[in-house]
Amino acid sequence: MLRKGAVVALAAVLLVPVGPLWADDVRGGQRAVIETLALTKAWRTSKGAGVTVAVLDSGVDPHHRDLAGSVRVGKDFTAGANPPGTAPSRLHGTYMASLIAGHGHGPDGKRGIIGVAPEADVLSVRVILEDEEPGFLTFNSAERFENVVARGIRYAVDEGADVINLSISKELATREERAAVRYAIGKGVVLVAAAGNDGDRKKGGDFAPYSYPAAFPGVVSVGATDRRMRRAAFSNWNSSVLVAAPGVDIMGAGPGDEYWVGRGTSQATALVSGVAALIKAEYPKMSPPLVARALAAGAKDLPPGGYDTATGFGLVNAAKALKEASRLAEHAEVAAGDQAHDPERPLAGGSAGPIDVVVRDERRVTVYAAIAAGAALGALASLAVIFILVRRVRRAHMSQDA
């Protein structure tokens, strides 16, 4: 029997291989995404150089011509699930990595897939098996694999990732995953995750179910839009959704120099991770909350009222997000010093310890104390006067009655 909390799903609902294409056919197939995200304008400012994006997925083919030289293969947390000698398919992971950091190939890199952050590096961390892999059932039922996502997040942070792409989803979360997310954010790492693909399967009420790790506080939860820039039918809608990105008919790379077209919140998430990489390349010290704010504030196609549960704050725009990031660059939302909360420890139970008063204005304390004392004496005097007047009135009435 599968343990519901342990099942991790790839957040792509359809992948379709495409036959041999001319170079301009592949890049032409990306034109709509490039225009929608305003990438040509954004690339004048940043192309993601110096940033590492960890792709926690089914593995990335480091030899694909559109990714060669940009991929570092990290740890495989699924080891032992597949029978010995089974080679991972790495389809979904390669696809996501190409949308984030594909650099194309051929003269001037004008052929093949161009990612949102073509000069970024990819750290491949395998934390999921694809459906057709022989160890899929074992992976999703064995207790030893329950917290692979949490371990993968911590590993990526310790390996120097600036952004972590999580094009995966599950219905139930674990304490270890929550702690890992807190650890990553505390280290300044931006996490971007898929809102999930259950939007066309209502489970009561007027919203789609929450998906993890996207629904954890601090994670950038991404919904998908269709060709009309509206919420794609499959995309989850709930209050965790921060922003949206194209998620229908998205062209990407597959293992063995192949190309695929697919749809899902996976693709939308990878595109937003690329935009986050552009921001971190330009502003490497920007905290995750400020990166999230830049993504939201720079969004376009805003919903009525500025926010809704379908597309969040709107459709991500890379150029506008970078502009917002430049405005926010001088601010900080991460505490520092001895009084800062340890991201490894939960907030509950008084773990942060007592708060010391650093500055105490004795003069103001004396003045305010004197004012308070004067007000108290005044109140007592007023009560005394009222008491005396009441007694006099009573005596006057008694004299008249006599």
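Residues numbered from 1 in each chain as written. Predicted model: local features only at pLDDT ≥ 70, side-chain atom pairs only at ≥ 80, totals over all residues. Heavy atoms only, no water.

**Notes on the overall build of the protein chain**
The number of helices and strands found in the protein chain is 11 helices and 14 strands. Classification of the 402 residues of the protein chain by burial places 49% in the buried group. Here the contacts in the protein chain between residues at least 6 apart in sequence split such that 78% fall between residues at least 24 apart. (Helix = DSSP H or I, 4+ residues; strand = E, 2+ residues; numbered from the N terminus. Buried < 20%, exposed > 50% of the residue type's maximum accessible area, 1.4 Å probe, protein only. Contact = heavy atoms within 4.5 Å.)

**Examining the pattern of salt bridges**
The tally for this structure, following the rule as stated, stands at seven salt bridges. Across the pair E159 and R72 runs a salt bridge, and its minimum N-O distance is 2.9 Å. Of this pair, E159 sits in the loop between α6 (148-158) and β8 (163-166) while R72 is found in strand β4 (residues 71-76), placing the two residues 87 residues apart along the sequence. Judged by relative accessible area, which is 34%, E159 ranks as partly exposed. For R72, a relative accessible area of 38% corresponds to the partly exposed category. (Salt bridge = Lys/Arg side-chain N within 4 Å of Asp/Glu carboxyl O.)

**Section: a nonpolar patch on the surface**
Among the surface-exposed residues, L377, L380, L383, I386 and V390 lie close enough to one another that they form a single nonpolar patch of about 500 Å² accessible area. With respect to the helices and strands, I386 occurs in helix α11 (residues 362-401). (Patch = residues over 30% accessible without salt bridge, like charges linked within 9 Å, V, L, I, M, F, W, Y side chains within 5 Å. Areas by Shrake-Rupley, 256 points an atom, 1.4 Å probe, with all protein chains shown as cover.)

**Quick look at the confidence of the model for the protein chain**
Looking at the protein chain as a whole, the pLDDT averages 87, with 84% of positions reaching at least 70. Ignoring residues within four places in sequence, the model shows residues 1-7, a span with pLDDT below 50, making 20 contacts including any to other chains. (pLDDT = per-residue confidence, 0-100.)

**Examining the packing of aromatic side chains**
A complete count under the given rule lists four aromatic pairs for this structure. Centroid distance F77 to Y155: 5.7 Å. Interplanar angle 75°. Geometry classified as edge-to-face. Within this pair, whereas F77 is found in the loop between β4 and α4 (91-101), its partner Y155 is found in helix α6, the two being separated by 78 residues in sequence. Positioned above the aromatic ring of Y183, the side-chain terminus of R154 is 4.8 Å from the ring centre. (Phe/Tyr/Trp six-rings, centres within 6.5 Å; stacked < 30°, edge-to-face > 60°. Lys NZ or Arg CZ within 6 Å of the ring centre and 35° of its normal.)

**A short note on helix α7 (residues 175-186)**
Here α7 spans 16 Å end to end across 12 residues, near enough to the 16 Å set by a 1.5 Å rise per residue. If you check which residues of α7 are buried, you get E177, A179, A180, V181, Y183 and A184. Against the buried residues of α7 lie α6 and β10 (190-194). At the C-terminal side of α7, G188 shows a positive phi close to 85°. (Expected span 1.5 Å × (residues − 1).)

**Section: the sheet that holds strand β11 (residues 220-225)**
Spatial ordering of the open sheet is given by β4-β7-β3-β8-β10-β11-β12, a layout of seven strands whose pairing is parallel. Taken across any chain shown, the strands that pair with only one partner, and hence form the sheet edges, are β4 and β12 (241-246). Between one strand axis and the next, the sheet turns by 25° as a mean value, whatever way the strands run. Relative to strand β7 (residues 121-126), strand β3 (residues 52-57) is paired through six bridges, and the arrangement is parallel. What sits directly across from T52, in β7, is D121. (Pairing = 2+ DSSP bridges. Axes fitted to C-alpha atoms, helices over the stretch in contact; angles between N-to-C directions.)

**Considering the nonpolar core**
Counting 60 residues, the largest nonpolar core has V220, V272, I279 and L295 as its most contacted members. For I279, the contacting residues outside a window of four places in its chain are M286, V291, A294, L295, A321, L322 and A325. Residues A54, V125, F139 and A193 belong to the second largest nonpolar core, which totals 33 residues. (Core = buried A, V, L, I, M, F, W, Y, C linked by side-chain atoms within 4.5 Å.)

**Focus: unusual backbone geometry**
Residue P213 follows Y212 across a cis peptide bond; omega there is 10°. Its location among the elements puts P213 in the loop between β10 and β11. The phi torsion at D108 lies on the positive side, around 60°, for a residue other than glycine. When you line up the elements, D108 lands in the loop between β5 (103-105) and β6 (111-114). Judged by its relative accessible area of 72%, D108 falls in the exposed class. Even without glycine at this site, M229 takes up a positive phi of about 65°. Following the sequence through the fold, M229 ends up in the loop between β11 and β12.

**Remarks on the side chain of N165**
Here N165 shows up in strand β8. Overall, the relative accessible area of 0% leaves N165 in the buried class. Within the structure, the side chain of N165 is placed 3.1 Å from the side chain of S167, a separation counted as a polar contact. In this structure, N165 is in contact with V53, A54, V55, L56, M96, I100, V192, T269, A270 and S273, ignoring residues within four places of it in sequence. (Polar contact = N/O pair within 3.5 Å; in protein donor to acceptor, adjacent residues only side chain to side chain.)

**Observations regarding the pairing of β8**
Every second residue of β8 is oriented toward a common face, with V163 and N165 on one face and I164 and L166 on the other, all of them buried. With four bridges connecting them, β8 and β10 associate as parallel partners. Across the sheet, residue V163 finds its bridge partner in β10, namely V190.

**Things to note about the environment of K187**
Turning to its location among the elements, K187 is positioned in the loop between α7 and β10. Judged by relative accessible area, which is 51%, K187 ranks as exposed. Through-space distance from the C-alpha of K187 to that of D158 is 9.2 Å; in sequence the pair is 29 residues apart.

**So, the packing of helix α8 (residues 265-282) against helix α9 (residues 288-297)**
Two numbers describe a pair of packed helices, the interaxial angle and the distance between the axes. Contact pair α8 / α9: the axes reach a minimum separation of 10 Å and the direction vectors enclose 115°. The hand of the α8/α9 crossing is right-handed. Seen from α8, the contacting residues are V272, V275, A276, I279 and K280; seen from α9, they are V291, A294 and L295. Tallied by class, residues from the contact of α8 with α9 come to seven nonpolar, no polar and one charged. (Left-handed = near helix turned anticlockwise from the far one by under 90°. Nonpolar A, V, L, I, M, F, W, Y, C, P; charged D, E, K, R; others polar.)

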